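# What the coordinates show
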Amino acid sequence: MSEPAARTPTEGNDATGDAFESARTATYAVLAACWREPTERLVEVANDGELSALFGPLESIELHALRSEYARLFIGPAGPPCPPYESVYRDKKSDDEFGEVLGPATAAVERWYQAFGVEHRPEQRDLPDHVATELEFCAYLAEHGRDDRLDQFRDEHLTRWVGDLCDRVEAETRSPFYAALARTTREVVAD
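Described below are features of the structure shown in this document. All values reported here derive from a predicted model rather than from experimental measurement. For every chain, the first residue of the written sequence is number 1, and numbering continues from 1 along that sequence. It should be noted that, the model being predicted, local features are given only for residues of pLDDT at least 70 and side-chain atom pairs only at 80 or more, the latter also being counted only at that level, while totals for whole chains, interfaces and linings use all residues. Values reported for side chains reflect all heavy atoms of the structure, with hydrogen atoms and water molecules removed beforehand.

### Brief notes about unusual backbone geometry
- Positive phi values are uncommon outside glycine, yet L102 reaches one of about 60°.
- Along the chain, the position of L102 falls in the loop between α5 (86-90) and α6 (104-115). Elements are defined by DSSP. Helices are runs of H or I of four residues or more, strands are runs of E of two residues or more, and each kind is numbered from the N terminus.

Given below as structure tokens:
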């Protein structure tokens, strides 16, 4: 996501409100980064204990192993067991199979982004309804003091499918990191 040309001012925040908004913004931003393809920086932060406040204690992780698990869970050679896209959960025709990517749910999410002047970064390969992209948008709304709209977006989108994604991740993963990420994401989205 890129910053829109015009920022929405945060109205009526005192120092306590600013701290709360900063924490909420940071929580969504950290979760978004964790749902993206693992980087050396993510591994460094996790191994330094900087994620423990959000996830609890984590075992030491290794970049190659985390990338392999990421690919297995979310990319897969023959279709991933845990596709990270809203449309495959919301736009399915039956409970037994995933829906298509880029379905009506994707278009609905894109309308939200357009309404706030938020554009997809060209270097970002993920689709607009990727869990990380939706969490980044939540961070954007929190950063700009749009709690009313954040709650509405979360209710219309994330709460309707992230639980299913997190259930699948917890059932499929071999990584304590992804189990903790799924658990924490479910809690934050439901809060």
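Picking up where we left off.
### Description of the pattern of salt bridges
- What counts as a salt bridge is simple: a side-chain nitrogen of Lys or Arg found within 4 Å of a carboxyl oxygen of Asp or Glu. In the structure shown here, the tally under the stated rule is 11 salt bridges.
- The partner of R72 in a salt bridge is E69, with the nearest N and O atoms 2.9 Å apart. With R72 and E69 both in helix α4 (residues 63-75) and three residues apart, this pair spans about one turn of that helix.
- We classify E69 as buried; its relative accessible area is 7%.
- Notably, a salt bridge pairs R186 with E170, separated by 2.8 Å at the nearest N-O pair. With R186 in helix α10 (residues 176-190) and E170 in helix α9 (residues 162-172), this pair connects stretches of sequence that are 16 residues apart.
- Judged by its relative accessible area of 25%, R186 falls in the partly exposed class.
- Put simply, R24, D147, D151 and R154 are held in one network by salt bridges that share partners. Note on exposure labels: buried denotes an accessible area under 20% of the residue type's maximum, exposed denotes more than 50%, and partly exposed covers the range between, all computed with a 1.4 Å probe on protein chains only.

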